[in-house]
Amino acid sequence: MKDRRFWLTALVLLLTVNTAEAAWFPSFWTDWLEKYNEARVELKKQPLEYNRFYRGTRFRRSSGTPRDVQEQHDEYEARTSVPLRRTPAPASQRSNAESFVRVNVTPIRPSEPIRLIDEDPVRIFSLGFRHAGEDDSLRFTPAVTLDTLSFQVFGNRGISQDLDNLRLIVEGVEGEFEFEEDKTLTLNLNGLRLARGESRTLTVSLKVFDPSATAHKPGTLRVRFLGATAQTELGNETVSVKRLGTPISDQIVFDPDPVTTGTPEFSARPATQVHGQMLSAGSEALVLTLNLSAYYDDMLLREVTVADTLSSGGVDAFIDRVSLQNLKTGDVLATGRFVNGDARLKLSSRLQIDRGGETVPLGVFVQLDDRIRADQINAQFRLTIEPEDLIVQGIGSGTDVPDSHKNFSLDTETFTVVQNTLGVSLGSQPDGFGVGTGQPETVFRFQLKAGGRQDAALGRISFRVTPEGMDFRGGSISPDDFRLVQEVNGQQYLQPGTFSVSGTTATFDPTREILLSRRENAQFALQVALESAGGNPRADSLVVQIVGDDTRDVGTLGNVRSSGANFIWSDLSGSPHGTSSADWMSGYQVPGLPSLTTVIKRYGE
């Protein structure tokens with residue numbers, strides 16, 4: 001009975017609630033179905049990637065509430081950055097896409113090696129323009145207009161001096177354009193229009209306006225494309241122009257008759273004197289020079305081969321790099337390495353030598369390896385260039401100059417490879433000196449320094465000493481008239497050793513080798529005992545020179561001394577080094593020897 005009463009009470013309450021919600025429930029159900037169907041329709045509109053995502057285990061299109069569908073839509077958008085709805089933004093929120101103009105510059109190679117001086121234009125450039133912008137259909141990219149093109153002529157000789165007689169022509173642009181005094185030209189395209197993605201090609205040509213009025217003929221020149229300017233068609237905003245390609249034209253030759261007075265000839269002479277010397281590990285040196293001249297035709301140098309004539313290919317091991325440089329500008333034209341004693345140097349950009357113009361000075365530099373093996377010490381090499389080793393082309397003739405028309409006269413010198421070098425230089429000379437004191441006085445100063453990566457040593461030094469208006473102490477030269485001191489911080493320290501004399505030459509042999517640092521100059525002074533010979537003492541002077549050697553002697557210190565060498569030193573390459581090691585050398589090729597003849601006045605006047 002109690003159970004029946006409970007269920008009746010529950011039924012009454014349920015009917016009361018349903019009656020209150022009866023008007024709401026159909027509205028709720030209708031709204032739910034509308035949103036659900038809308039989500040299903042929107043889903044079908046999405047790209048394949050989107051549908052595949054929702055056909056997976058993460059989403060069932062046949063189940064779920066509208067809130068579930070919306071959350072999964074939002075999740076997709078966050079993961080793929082693809083908007084669910086592509087509703088265009090209001091016009092006020094749109095911005096112009098960033099755009100620019102790309103120009104590809106292509107030089108046009110002349111079809112003929114010679115361009116006769118006439119009024120026919122010579123094509124020199126093909127300029128390919130393209131309006132590039134962001135590929136976004138929702139963003140507006142305005143058209144652009146090309147406004148100006150700028151060019152420059154370069155060349156200091158020949159027809160490039162007749163600027164008022166040269167004209168530039170652009171295909172499709174009315175008019176012929178003249179260059180300014182600074183050899184530049186800016187022409188107006190009058191707003192050549194380019195829509196987004198549109199391309200346009202312009203051909204640029206050069207012509208001689210009046211051949212009969214061309215004073216500086218024949219001649220060659222080049223033209224450089226400097227750039228272009230552009231702006232938006234609406235709003236006049238500047239648009240950047242990005243240049244690609246090669247902005248310099250090929251060589252343009254205006255020459256009615258390139259060979260007028262004879263067969264083209266090419267000559268090479270020494271550009272400057274190169275003296276043979278010693279080269280240490282890691283050093284760089286100028287070893288060969290040549291002046292190049294062209295006759296009867298302008299010419300292009302394309303390749304040079306440098307050959308060694310002494311080491312039988314040994315240069316391959318101790319020369320790390322060889323380079324060809326323009327001695328006037330300092331530009332490196334080519335670099336290479338020796339292979340079997342030959343170094344082939346191919347110029348990255350061909351060098352022009354104008355006929356009848358200034359000579360072009362070239363120099364060959366070598367860079368030695370940082371380490372020189374023991375079996376390479378004292379090796380010698382001598383480099384040369386033969387006529388067949390230069391490949392040179394006549395611009396007018398368009399052909400290579402034959403070897404029989406290349407005239408050569410080069411000074412080749414012998415260079416010696418050592419571990420370290422030693423250099424001799426003069427120091428600050430005394431203002432004057434006295435006589436008759438009975439003791440040697442300082443009359444001459446000099447400096448010694450190791451020039452390589454390690455120290456060096458001195459084993460002998462000789463001086464040629466000639467008094468003028470004076471005599472040696474006692475009236476004749478003797479070993480007792482001389483002393484050698486080393487000067488350190490204003491103090492003089494006597495070097496132990498013995499002097500010997502022969503004629504007017506005084507030779508000093510130190511008791512122990514004198515070590516010379518590569519880090520600083522070692523200062524030395526020669527002291528001589530003199531006496532007056534009467535006459536005017538203010539005319540008295542002393543002539544001093546450090547003596548070198550004309551031949552190369554190598555061996556132990558004792559052996560080289562017995563050979564009669566005037567100057568003996570060591571590069572410390574012996575292992576171990578000592579007076580009995582065979583790394584002692586004469587003064588042949590020592591930089592600074594023989595030293596300049598120095599005249600020291602008695603009263604410094």
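The rules behind these values
Residues numbered from 1 in each chain as written. Predicted model: local features only at pLDDT ≥ 70, side-chain atom pairs only at ≥ 80, totals over all residues. Heavy atoms only, no water. Helix = DSSP H or I, 4+ residues; strand = E, 2+ residues; numbered from the N terminus. Buried < 20%, exposed > 50% of the residue type's maximum accessible area, 1.4 Å probe, protein only. Contact = heavy atoms within 4.5 Å. Areas by Shrake-Rupley, 256 points an atom, 1.4 Å probe, with all protein chains shown as cover. Pairing = 2+ DSSP bridges. Polar contact = N/O pair within 3.5 Å; in protein donor to acceptor, adjacent residues only side chain to side chain. Axes fitted to C-alpha atoms, helices over the stretch in contact; angles between N-to-C directions. Salt bridge = Lys/Arg side-chain N within 4 Å of Asp/Glu carboxyl O. Phe/Tyr/Trp six-rings, centres within 6.5 Å; stacked < 30°, edge-to-face > 60°. Lys NZ or Arg CZ within 6 Å of the ring centre and 35° of its normal.

Chemist: It is not clear to me how the overall build of the protein should be interpreted in this structure. Could you clarify?
Modeler: What the protein contains, in helices and strands, is six helices and 39 strands. Taken across its 605 residues, the protein has 43% of its residues classed as buried. Summarising the internal contacts of the protein: among those between residues at least 6 apart in sequence, 77% fall at separations of at least 24. Working note: accessible area of the protein is about 31800 Å², and carbon and sulfur atoms make up 47% of it.

Chemist: How do you make sense of the pairing of strand β35 (residues 541-546) when you look at a structure like this?
Modeler: For a regular strand, the rule is simple: side chains alternate between the two faces of the sheet. Among the six residues that make up β35, six are buried, leaving the element largely enclosed by the rest of the structure. A two-sided burial pattern is seen for β35, the buried positions comprising Ser541, Val543 and Gln545 on one face and Leu542, Val544 and Ile546 on the other. In this structure, strand β26 (residues 456-468) lies alongside β35, joined through six bridges in antiparallel fashion. In the strand pairing of β35, Val465 is matched with Val544. As judged from the four bridges shared by β35 and strand β39 (residues 598-601), these two strands associate in the antiparallel manner. Within the sheet, the bridge partner assigned to Val544 lies in β39 and is Thr598.

Chemist: When you look at the side chain of Thr556 in this model, what are you seeing that I'm missing?
Modeler: By secondary structure assignment, the location of Thr556 is in the loop between β36 (554-555) and α6 (557-562). A distance of 3.0 Å separates polar atoms of two side chains, one belonging to Thr556 and the other to Asn559. Ignoring any residue separated from it by four or fewer positions in sequence, one finds Thr556 in contact with Thr579, Ser580, Ser581, Ala582 and Trp584.

Chemist: Teacher, can you tell me more about the sheet that holds strand β15 (residues 319-326) here?
Modeler: Two modes of strand pairing occur in sheets, parallel and antiparallel, and in both the strands are linked by backbone hydrogen bonds. Taken together, six strands build an open sheet; the order of strands is β16-β15-β18-β13-β11-β22 and the sheet is mixed. Edge positions in the sheet fall to β16 (332-336) and β22 (406-408), since each of these pairs with one other strand and no more. Taken pair by pair, the neighbouring strands of this sheet meet at an average axis angle of 20°, ignoring direction. Pairing of β15 with strand β18 (residues 360-368), which is carried by seven bridges, proceeds in the antiparallel orientation. The partner of Leu324 across the bridge, within β18, is Val364.

Chemist: In this structure, what is going on with the sheet that holds strand β12 (residues 278-280)? I would like to understand it.
Modeler: Strand order in this open sheet of three strands is β12-β23-β19, and the pairing throughout is mixed. What marks the edges here is a single partner per strand, and that holds for β12 and β19 (380-381). Summarising the sheet, β12 and strand β23 (residues 415-418) pair through three bridges and their orientation is parallel. Note that in β23 the partner of Leu279 across the bridge is Val417.

Chemist: Please clarify how the pattern of salt bridges should be interpreted in this entry.
Modeler: Pairs can form between side chains of opposite charge whenever their charged atoms are close. For the structure shown, the criterion picks out 14 salt bridges. With a shortest N-O distance of 2.9 Å, Arg344 and Glu303 are connected by a salt bridge. Residue Arg344 is located in strand β17 (residues 342-353), and its partner Glu303 is located in strand β14 (residues 299-308); the two are separated by 41 residues in the primary sequence. You can call Glu303 buried: its relative accessible area is 10%. Asp403 is the salt-bridge partner of Lys406, the closest N and O atoms lying 3.1 Å from each other. Taken together, the shared-partner salt bridges connect Arg460, Asp509 and Arg561 into one network.

Chemist: Quick question: what am I supposed to make of the packing of aromatic side chains here?
Modeler: Any aromatic ring pair is given by two values, namely how distant the centres are and how the planes are angled relative to each other. Summed over the entire model, instances satisfying the criterion amount to 11 aromatic pairs. Plain terms: the ring middles of Phe444 and Phe446 are 6.1 Å apart, the flat faces sit at 25° to each other, and that makes the pair stacked. Grouped by ring-pair contacts, the aromatic residues Phe444, Phe446, Phe463 and Phe524 constitute a single cluster. Sitting above the plane of the Phe154 ring, Arg224 keeps its charged end 5.0 Å from the centroid. Against the face of Phe100 rests Lys242, its NZ or CZ located 3.9 Å from the ring centre.

Chemist: Would you take a moment to explain the pairing of strand β6 (residues 199-208) for this structure?
Modeler: In terms of residue burial, β6 counts as a mostly covered element, since seven of its 10 residues are buried. Taken together, the five bridges between strand β4 (residues 166-170) and β6 define a ladder with antiparallel strand orientation. Residue Leu168 lies in a different strand from β6, and its bridge partner there is Leu206.

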